[in-house]
Amino acid sequence: MTVVAPISVKDVFGRLLQDLRISVTDRCNFRCAYCMPAEIFGERYEFLPRDQILTFEEIERLTRIFAGLGVTKIRVTGGEPLLRRDLPELIRMLSAVEGIEDLSLTTNGYLLPPMAKELREAGLRRVTISLDSLDDETFKRMNGRGFGVDRVLEAIEAAEDAGLGPIKINSVVQRGVNDNFVTDLAKYFKGTDKIVRFIEYMDVGTINGWKLEEVVPSKELAARINAETPIIPIDRNYRSETSSRYAYADDTGEIGFISSVSEPFCDDCTRARLSTDGKLYTCLFTGEGHDLREALRSGATDDEISGLITGVWEQRTDRYSEERTSETAALAGRKPERVEMYHIGG
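About the thresholds
Residues numbered from 1 in each chain as written. Predicted model: local features only at pLDDT ≥ 70, side-chain atom pairs only at ≥ 80, totals over all residues. Heavy atoms only, no water. Helix = DSSP H or I, 4+ residues; strand = E, 2+ residues; numbered from the N terminus. Buried < 20%, exposed > 50% of the residue type's maximum accessible area, 1.4 Å probe, protein only. Pairing = 2+ DSSP bridges. Right-handed = clockwise from strand over helix to strand, strands pointing away. Phe/Tyr/Trp six-rings, centres within 6.5 Å; stacked < 30°, edge-to-face > 60°. Core = buried A, V, L, I, M, F, W, Y, C linked by side-chain atoms within 4.5 Å. Contact = heavy atoms within 4.5 Å. Axes fitted to C-alpha atoms, helices over the stretch in contact; angles between N-to-C directions. Left-handed = near helix turned anticlockwise from the far one by under 90°. Nonpolar A, V, L, I, M, F, W, Y, C, P; charged D, E, K, R; others polar. Salt bridge = Lys/Arg side-chain N within 4 Å of Asp/Glu carboxyl O. Expected span 1.5 Å × (residues − 1).

**Re unusual backbone geometry**
No. 1: Between Gly-78 and Gly-79 the backbone carries a cis peptide bond, its omega angle lying at 20°.
No. 2: If you trace the backbone, Gly-79 turns up in the loop between strand E2 (73–77) and helix H2 (87–95).
No. 3: Omega for the bond connecting Gly-165 with Pro-166 falls within 30 degrees of zero, at 0°, which places this linkage in the cis form.
No. 4: Relative to the assigned elements, Pro-166 resides in the loop between helix H5 (149–162) and strand E5 (168–173).
No. 5: Its identity is not glycine, yet Asp-86 carries a phi of approximately 60°, on the positive side.
No. 6: Structurally, Asp-86 is set in the loop between E2 and H2.
No. 7: Under the relative-accessibility criterion, Asp-86 is labelled exposed at 53%.

Below is the structure:
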């Protein structure tokens, strides 16, 4: 049997297509203000109807096509991906796609404990779990549902027991909301093999009321942590890694900082995003998606869909974070429509 090597697809700036983030649902059981504020996403909010959501077979087919274009890493996202019924079956299908070397999932963790082992057996390699604060009251306010921290800590333990590692813990930091608990979170996981990553509050979409003054620059956070437990910068694992890595000086683990606002990493971005309804997005901050679902359902061949994806990527010029300025941030109320995070994951 002859194995056809994947081709390399580059955008206008020479950035390869290597990573695909797949949103499997637009629904979530949390209502975090920076993503799905409860005042907008109430009980009567209408999410996508079932027939507009990609089926597992459609997702698997697109993954195969993307793998043929050089994608080696898949991250399953949402919304909250664990709300998608029979998710382990999709994981099983994706893990069998030739060329995919890394299959991971991002979750708030609340539904993970009873599913962790099954997901690992299906072929999931690792998980990233969101935890914005160890302070229970702060966490309850931030998730908008009053859910406590203990369930997330249980999820982290369940993921470790299932062999879903290395486990990364993402924490979105907002000034005046949870920034005073950053060092507590870092110290809690210090000495373990869990990697906490602090994420600057980003102006994703148009509904989260983003304000530049609520962003805590990563350098400020790193200085706070360093003052209590010294840290030293270390090399990235690979060029397109989003997180700047730091090791504890006493060799008891590492932490990371994702600095999309203060230190953009657009130059090395190799990530494409597939929305729940089958649109291809070439940037987290874009407003325009390219409809792949229509091609799938209208009888297009794999080669035709591959050509469509290639054409989109080769014209890609996205550099939003690098182009962001204080002036444009101040005009946030009049910024153009952009896709919301819950449609395409983080």
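Right, picking up where we left off after that structure.
**Regarding the pairing of strand E6 (residues 195–200)**
No. 1: The buried count for E6 comes to 6 of 6 residues, which makes it a mostly enclosed element.
No. 2: Taking every second residue as pointing to the same face, both faces of E6 are buried, with Ile-195, Arg-197 and Ile-199 on one and Val-196, Phe-198 and Glu-200 on the other.
No. 3: Inspection of the sheet shows E5 paired to E6 by 6 bridges, in the parallel sense. Looking at the pairing, Lys-168 lines up with Ile-195 of E6.
No. 4: Taking the sense of rotation as the criterion, the β-α-β connection linking E5, helix H6 (residues 182–189) and E6 turns out right-handed.
No. 5: As defined by bridge partners, E6 adjoins strand E9 (residues 254–258) across 4 bridges and the pair is classed as parallel. Bridge assignment links Phe-198 to a residue of E9, and that residue is Phe-257.

**Here we look at the packing of aromatic side chains**
No. 1: For the structure shown, the criterion picks out 10 aromatic pairs.
No. 2: Taking the centre distance of 5.4 Å and the plane angle of 90° together, the rings of Tyr-246 and Phe-257 count as edge-to-face. Highlighted residues: Tyr-246 in strand E8 (residues 244–248) and Phe-257 in strand E9, separated in sequence by 11 residues.
No. 3: Owing to a relative accessible area of 2%, Phe-257 belongs among the buried residues under this scheme.

**Digging into the pairing of strand E1 (residues 19–23)**
No. 1: Most of E1 sits inside the fold, with 5 of its 5 residues counted as buried.
No. 2: You can see the chain leave E1, run along helix H1 (residues 56–67) and come back into E2, and the turn it takes is right-handed.

**What to know about the nonpolar core**
No. 1: Leu-17, Phe-66, Ile-74, Val-76, Leu-87, Phe-198 and Ile-309 are the most contacted members of the largest nonpolar core, which has 94 residues in total.
No. 2: Among the elements that take part in this core, H5 stands out by supplying 7 residues, more than any other.
No. 3: Aside from chain neighbours lying at most four places away, what touches Leu-17 is Val-9, Phe-66, Leu-69, Gly-70, Val-71, Thr-270, Ala-272, Ile-309 and Trp-313.

**So, the packing of H1 against helix H9 (residues 302–314)**
No. 1: Between H1 and H9, the least distance of the axes is 10 Å, while the angle of their chain directions is 65°. The way H1 lies across H9 gives a crossing that is right-handed. Between H1 and H9, the contacting residues are Arg-61, Leu-62, Arg-64, Ile-65 and Phe-66 on the first element and Asp-302, Ile-305, Ser-306 and Ile-309 on the second.
No. 2: Of the residues in the contact of H1 with H9, the class split is 5 nonpolar, 1 polar and 3 charged.

**With respect to the pattern of salt bridges**
No. 1: This structure, assessed with the given rule, holds 21 salt bridges.
No. 2: We note a salt bridge from Arg-297 to Glu-58, for which the minimum N-O separation is 2.8 Å. With Arg-297 in helix H8 (residues 293–297) and Glu-58 in helix H1, this residue pair connects regions lying 239 residues apart in the sequence.
No. 3: For Glu-137, the salt bridge is made with Lys-140, and the minimal N-O distance between the two is 3.8 Å. Taken together, the residues Glu-137 and Lys-140, both in helix H4 (residues 136–143) and 3 residues apart, mark about one turn of the helix.

**Description of the sheet that holds E5**
Whether parallel or antiparallel, the strands of a sheet pair through hydrogen bonds between backbone atoms.
No. 1: If you trace the 12 strands from one edge of the open sheet to the other, you get E7-E8-E9-E6-E5-E4-E3-E2-E1-E10-E11-E12, paired in mixed fashion. Across the chains shown, the open sheet's two edge strands, defined by having one partner strand only, are strand E7 (231–234) and strand E12 (290–291).
No. 2: Packed on one face of the sheet, H1 meets E1, E2, strand E10 (271–274) and strand E11 (279–281) and runs near 170° to E1.
No. 3: Against the sheet, H6 engages E5, E6 and E8, with an angle of about 160° to E6.

**Comments concerning the side chain of Ser-133**
No. 1: Counting through the fold element by element, Ser-133 comes out in the loop between strand E4 (126–130) and H4.
No. 2: Ser-133 has contacts with Thr-138, Phe-139, Val-149, Asn-178 and Phe-181, leaving out every residue within four places of it along the chain.

**A look at H5**
No. 1: Between the first and last C-alpha of H5 there are 20 Å, a value that for 14 residues agrees with the 20 Å anticipated at 1.5 Å per step.
No. 2: Of the surrounding elements, those touching the buried residues of H5 are helix H3 (116–122), E4, H4, E5 and H6.
No. 3: A positive phi of about 85° marks Gly-163, the residue just after H5.

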